[in-house]
Amino acid sequence: MSDEVMELIASQVKVCTKCVLHYSRKNAVPGSGPSHTEFMFIGEGPGFHENEKGLPFVGPAGKFLDELLEKGGLARNTVFITNVVKCRPPENRDPLPEELLACNDYLDRQIAAINPLVIVTLGRFSMAKFMPYAKISEVHGKAQWINGRLIVPMYHPAAALHQPKWRPTLMDDFSRLPAWIEKAHKNKPAGSKVIETPPEKKPDEDEPEQLSLF
Ligand code: URA
Ligand code: SF4
């Protein structure tokens, strides 16, 4: 059932014209990976290579993500990987609020179809979907239950390609993923905070709210 839903979403994304990003894209990038998985990784948006191939994280950031996944004890073909916007922003600029809003429904439907236990966000835009007022510098690598899923915010792998000083932080945060996953299996709460609206403000603009981390 979820296979068919995921295919339907992908076919809709490929022909989507809901925001201006469709004008400049070559290939929309719905996401890749199995629909039956406990793990979802959500990045920012396709870059040059992803736009060429129609697949997520296939360029240099993807290569580093492969290393990070290995560090986290997860094989790439066992996780679903997608982005908050499915079409490449020109010159890899940040996605705009209206683009995030237009694309949000696809991601929500993917999350509903997969029903993952753990969602790893890569970068501040996907973090902001779940933790709109958090600062990534404060919450990276720390998990939080939101709406019955364990959300683990990570820095974006591309950050380490631009600034090598982030590499050890990312490696370190990913090395803790197996422990978070174990906790997720043991401590899944009956209910939890529901935050499923896309960010209306630019992330990192506000003081962070008090987060309940465990
Ligand atoms: N960066 C992202 O955020 N997503 C991709 O798919 C590739 C690079
Ligand atoms: Fe549609 Fe999302 Fe692509 Fe915009 S980024 S055209 S909303 S698929």
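Residues numbered from 1 in each chain as written. Chains lettered and ligands numbered in written order. Predicted model: local features only at pLDDT ≥ 70, side-chain atom pairs only at ≥ 80, totals over all residues. Heavy atoms only, no water.

Even after reading the chapter, I still don't get the site of ligand 2, so can you show me in this structure?
All residues in the neighbourhood of ligand 2 are listed as Cys16, Lys18, Cys19, Leu21, His22, Arg25, Lys86, Cys87, Ala102, Cys103 and Tyr106. Broken down by secondary-structure element, the contributors of at least two residues to the shell around ligand 2 are α2 (21–24) and α5 (97–114). Of all the elements, α5 adds the most residues to the shell around ligand 2, at 3 residues. Classifying every residue of the shell around ligand 2 by side-chain character gives 7 nonpolar, 1 polar and 3 charged. (Near = heavy atom within 4 Å. Helix = DSSP H or I, 4+ residues; strand = E, 2+ residues; numbered from the N terminus. Nonpolar A, V, L, I, M, F, W, Y, C, P; charged D, E, K, R; others polar.)

What exactly am I supposed to notice about the site of ligand 1 here?
The environment of ligand 1 is made up of Gly43, Glu44, Gly45, Glu50, Pro56, Phe57, Asn83 and His156. One nitrogen or oxygen atom from the main chain of Glu44 is found 2.8 Å from an oxygen atom belonging to ligand 1. At 2.7 Å from an oxygen atom of ligand 1 is found a side-chain nitrogen or oxygen belonging to His156. The fraction of the free accessible surface of ligand 1 (240 Å²) that becomes covered by protein chains is 93%. Classifying every residue of the shell around ligand 1 gives 2 nonpolar, 4 polar and 2 charged. (Polar contact = N/O pair within 3.5 Å; in protein donor to acceptor, adjacent residues only side chain to side chain. Areas by Shrake-Rupley, 256 points an atom, 1.4 Å probe, with all protein chains shown as cover.)

Whenever I open this one, helix α9 (residues 167–175) confuses me. Can you help?
Given 3.6 residues per turn, any residue in an α-helix points the same way as the ones three and four places further on. For α9, the full list of buried residues reads Leu170, Met171, Asp173 and Phe174. Angular distribution of buried residues about the axis of α9 spans 165°; they occupy a single face of the element. Buried residues along α9 sit against β1 (39–43), α4 (60–71), β3 (118–122), β5 (149–154), α8 (157–162) and α10 (177–187). (Buried < 20%, exposed > 50% of the residue type's maximum accessible area, 1.4 Å probe, protein only. Arc of directions from axis to C-beta. Contact = heavy atoms within 4.5 Å.)

Where do I start with α5 in this structure?
When the terminal C-alpha atoms of α5 are compared, their 25 Å separation across 18 residues agrees well with the 26 Å that a helix rising 1.5 Å per residue should span. The largest bend in α5 is about 40°, located at Asn104. Of all the residues in α5, the buried ones are Glu99, Leu100, Ala102, Cys103, Asn104, Tyr106, Leu107, Asp108, Gln110, Ile111, Ala113 and Ile114. Phi for Asn115, located one or two positions after α5, is positive at around 55°. (Expected span 1.5 Å × (residues − 1). Bend = angle between axes of the 7 residues up to and from the residue.)

Just checking my understanding: could you explain the pairing of strand β2 (residues 80–83) for this structure?
Looking along a regular strand, one sees side chains alternate from face to face of the sheet. Side chains Phe80 and Thr82 of β2 all project onto a buried face; the interleaved residues Ile81 and Asn83 project onto the opposite face, where all are buried too. Bridging between β1 and β2 involves 4 bridges; their strand directions are parallel. Bridge pairing in β2 links Phe41 to Ile81. (Pairing = 2+ DSSP bridges.)

What's the story with the confidence of the model for the chain in this structure? I'm lost.
The predicted model of the chain averages 90 in pLDDT, with 88% of residues at 70 or higher. Note that pLDDT drops below 50 for residues 194–214; the model gives that stretch 47 contacts with residues more than four away or on any other chain. (pLDDT = per-residue confidence, 0-100.)

Help me understand the packing of helix α1 (residues 2–14) against α5, please; the structure alone is not making it clear to me.
Two quantities define a packed helix pair, namely the angle between the helix axes and the distance between the axes. Two elements in contact, α1 and α5, have axes separated by 9 Å at closest approach and are oriented at 165°. One way to sum up the angle between α1 and α5 is to call them roughly antiparallel. At the point where α1 passes α5, the crossing takes the left-handed sense. Contact residues: α1 offers Ser2, Val5, Met6, Leu8, Ile9, Gln12 and Val13, while α5 offers Tyr106, Arg109, Gln110, Ala113 and Ile114. Of the residues contributing to the contact of α1 with α5, the split by class is 8 nonpolar, 3 polar and 1 charged. (Axes fitted to C-alpha atoms, helices over the stretch in contact; angles between N-to-C directions. Parallel < 35°, antiparallel > 145°, perpendicular 65-115°, else oblique. Left-handed = near helix turned anticlockwise from the far one by under 90°.)

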